[in-house]
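# Fold and geometry: a report
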Amino acid sequence: MIVAGSKPFQEIEEMLSGFRKVCVMGCGSCVTICHTGGEKQVTELAAQLRLSAKLKGKQREVKEASILRQCEWEFIKDTGEDVQDCDAILSIACGIGVQYLAERYPKIRVFPGVNTTFMGGPTKQGVFWERCAGCGDCLIGTTGGLCPVSRCAKSLLNGPCGGSQNGKCEVSQETPCIWHKIYDQLDTQQLLATMEDIVPPKDWSAGAENHPRKMVLDHLVMKK
Amino acid sequence: MENNPHTKSDSHLERILRSGQFAVTAELGPPRGADRSVIEKKAEMLKGYGDAFNITDCQTSVVRMSSIAAGRIVIDAGIEPIIQMTCRDRNRIAMQSDLLGAAALGAKNVLCLTGDHQKFGDHPMAKGVFDLDSIQLIQMVKVLRDDKKFQCGQELKDCEPRFFIGAAENPFADPFQFRAIRLAKKIAAGADFIQTQIIYNVEKFRKWMKIVVDMGLHEKTFILAGVAPLKSKGMARHMKHNVPGMDVPEKIIDRMTAAAEVKKGKEEGIKICLEVIEQVRGMKGVAGVHIMAVEWEEAVSEIVQRARLYPRPTL
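Computed from a prediction, not measured in an experiment: that's the story for all the values here.

## Let's talk about the pattern of salt bridges
Taken as a whole and judged by the stated rule, the model has 41 salt bridges over all chains. Between Glu 44 of chain A and Lys 40 of chain A there is a salt bridge, with its nearest N and O atoms 3.3 Å apart. Of this pair, Glu 44 of chain A and Lys 40 of chain A both sit in helix α3 (residues 39–55), 4 residues apart, which is roughly one turn of that helix. Looking at Glu 44 of chain A, the relative accessible area reads 43%, which means it is partly exposed. Its relative accessible area of 56% is what places Lys 40 of chain A among the exposed residues. Of the charged contacts, one joins Lys 148 of chain B and Glu 160 of chain B as a salt bridge, the two residues approaching to 3.6 Å between their closest N and O atoms.

In C-alpha cells, the structure reads:
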C-alpha cells in the first residue's frame, strides 16, 4: 500500500491561513490503513483546525468529507456538494488523490495534508517499512523474494556493501541489511551460488527516475 | 606499456606489483577548499614513501576538491595518483565522462567504490545516485579499456582510457562467508588490484586470506592489506563504534587507553600499525600494504621507514 505521514499541523495552518471555508477530504484506501488520511483523521484534523481558528480569533468554517478512493475519477466526480462552495480543500489522501481533486476543481485551491512517502506495509502495529521502489523492472525472483532496490540504502545489486555488520545496515542500526537477509534466504533455498553471478547495470528507464510513467492496457482502452 | 607487454596500463604501481615486489600505497585526502598548495605540500611529504597514492573522492560523503583535479596536481608534483571514484554522486554517463577526463589528464590507476552513504557526510539531504554499484563500475572501466566500448555497447572510436583497475574489499563486514565470494566477483568484473579495509583484527584477516588463497584469488589479483595508525584512544573508540564495517578488537582499545595515560597515544598507534604490517606481510597472497593515515600524512614516512619498506624500488 501507499504509506503517507501527516504533515506537521503548523505547516497545514500556514497553508490554510487566509482561507475561510475549508473542506478536509479523506480517503478510504491506503491512508486509512496507515491511520493518516481516513475518516477518523478527517474528524480529528477538522476539529483541530476549528479550535485553532477559534483560539486565534479567526473566522473559519471547516467541512468534513471522505470518499472511498480519491485516486479514481469515478469516486471523486460526485464530491461536488461537499466542496463546491469552499475556497480551499485539504486532502489527506496520497499525492495522487490531491492531484485528482486539483484537476476536478480547478478554481479551488487544493493542499496536501500528508506527505506521501513510499510503498510499503506495517511490520507491526503502527510501524511501516518500505518494500517496493516501483522500479518498473522487478528482479526479486532472483533475490529470494526480497527487494534490494527499495530496501538497500544504496540499491546495490551485487550483494552487501562493506558496511554491513551483525545483519544491520551501515546507515541505521535499526535497519536490517537486506543483502544479509537475501544471503540467508538463498542459503536456506540452496541457491547461494546465484550470488556469485555478476548482475549487470540495471535498466532504470522504467523506474521513478524517468517521469512521468504510463501503463496502457490495450484490451481495456475504448476504441472510437 | 611499451616497456612491458604484459601490463594492462602504463601504471608504475602495476609494474611494481607485476615485478613481484611488495607494494606500498598510501592515502592523500584533497582539501575542503580550492588551494592547490595544500595538495602540493602533502605530495612533497609523501614523495618517495609509496608507489602510488589514493586520492579520495569526497570521503565520508564530505565535499572536498575533486579527486581527478587533485590527482592532476599530484602528477605535477611528481607522484602517481590512484583516482578514487564512487558511484554515490554520479550516474554512468558522468562516470564514463570523468574516466575519459582523468585518463586525458594522465591518471593511470582508478579505484572503483560504491561510496559511503550521503547520510554520513556534510550534505545528508543530498540525493544519492548509486546508478551502478562498485562491481558494475569495475566492469564498466574494464570494458572501456579492453573492449573499447561504452557501457551502452557503443564503440569507443577514440583513445581508450588505460587504467590499472582497483577495488576495495572489507573482510570484516558481514556475512563473513560472502566476503571472499564478493572479492571473486570484483576480480571477475576486472579488478587488477584490491585494497582492503583497515586491519586491526589480524586473526580475522588471516582467516579471510586463507579462504581467498584456497580459492586461488590471490593469483588473479594483487591484494594490498589496509592499515592505519591510530592517533588516540578516542579515535580507536570512534573507529570501533562509528565507522561502518570496522573491526577494532578490545585489546587494541586497551593498548591505546593505556598509552593515552602516559601521553604516548600516537607512538602506540604507529607501533600497532607496524605490528599489523609485520604480520600481514608474512601472509601468503598479500602483495603489499595500503596505509590510510587519514589527515595524518606525516605518519606515513615514519611507518614506511620503520617497516623497512624504504626506499621504494625504482623501475
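## Regarding α3 of chain A
All names here are of chain A. End to end, α3 covers 24 Å across 17 residues, agreeing with the expected 24 Å (1.5 Å per residue, within 8%). For α3, the full list of buried residues reads Gln 41, Val 42, Leu 45, Ala 46, Leu 49, Ser 52 and Ala 53. Relative to the axis of α3, the buried residues are bounded by an arc of 135° and lie together on one face. Away from its buried face, by an angle of more than 90 degrees, α3 presents the exposed residues Glu 39, Lys 40, Leu 51, Lys 54 and Leu 55. Buried positions along α3 lie against α1 (9–16), β2 (21–27), β3 (61–67) and β4 (88–91). Gly 57 lies just past α3 and shows a positive phi near 70°.

## Remarks on the sheet that holds strand β1 (residues 23–28) of chain B
Residue and element names in this part refer to chain B. Strand order in this closed barrel of 8 strands is β1-β2-β3-β4-β5-β6-β7-β8, and the pairing throughout is parallel. Each adjacent strand pair in this sheet contributes to an overall mean axis angle of 30°, direction not counted. For strand β2 (residues 52–55) and strand β3 (residues 81–86), the ladder comprises 3 bridges, and the chain directions are parallel. Residue pairing in the sheet places Phe 53 in a bridge with Pro 81 of β3. Strand contacts of helix α10 (residues 265–281): β7 (222–227) and β8 (286–291), with the helix running at about 160° to β7, the strand carrying the most contacts.

## Focus on the state of the cysteines
Applying the stated criterion across every chain yields a total of 0 disulfides over all chains. The thiol sulfur of Cys 152 of chain A is not disulfide-bonded, and the nearest other cysteine sulfur, from Cys 161 of chain A, lies at 6.5 Å. Counting only cysteine sulfurs, Cys 152 of chain B is the nearest neighbor of Cys 159 of chain B, a cysteine outside any disulfide, at a range of 18 Å.

Calculation notes
- Residues numbered from 1 in each chain as written.
- Chains lettered and ligands numbered in written order.
- Predicted model: local features only at pLDDT ≥ 70, side-chain atom pairs only at ≥ 80, totals over all residues.
- Heavy atoms only, no water.
- Salt bridge = Lys/Arg side-chain N within 4 Å of Asp/Glu carboxyl O.
- Helix = DSSP H or I, 4+ residues; strand = E, 2+ residues; numbered from the N terminus.
- Buried < 20%, exposed > 50% of the residue type's maximum accessible area, 1.4 Å probe, protein only.
- Expected span 1.5 Å × (residues − 1).
- Arc of directions from axis to C-beta.
- Contact = heavy atoms within 4.5 Å.
- Pairing = 2+ DSSP bridges.
- Axes fitted to C-alpha atoms, helices over the stretch in contact; angles between N-to-C directions.
- Disulfide = S-S within 2.5 Å.

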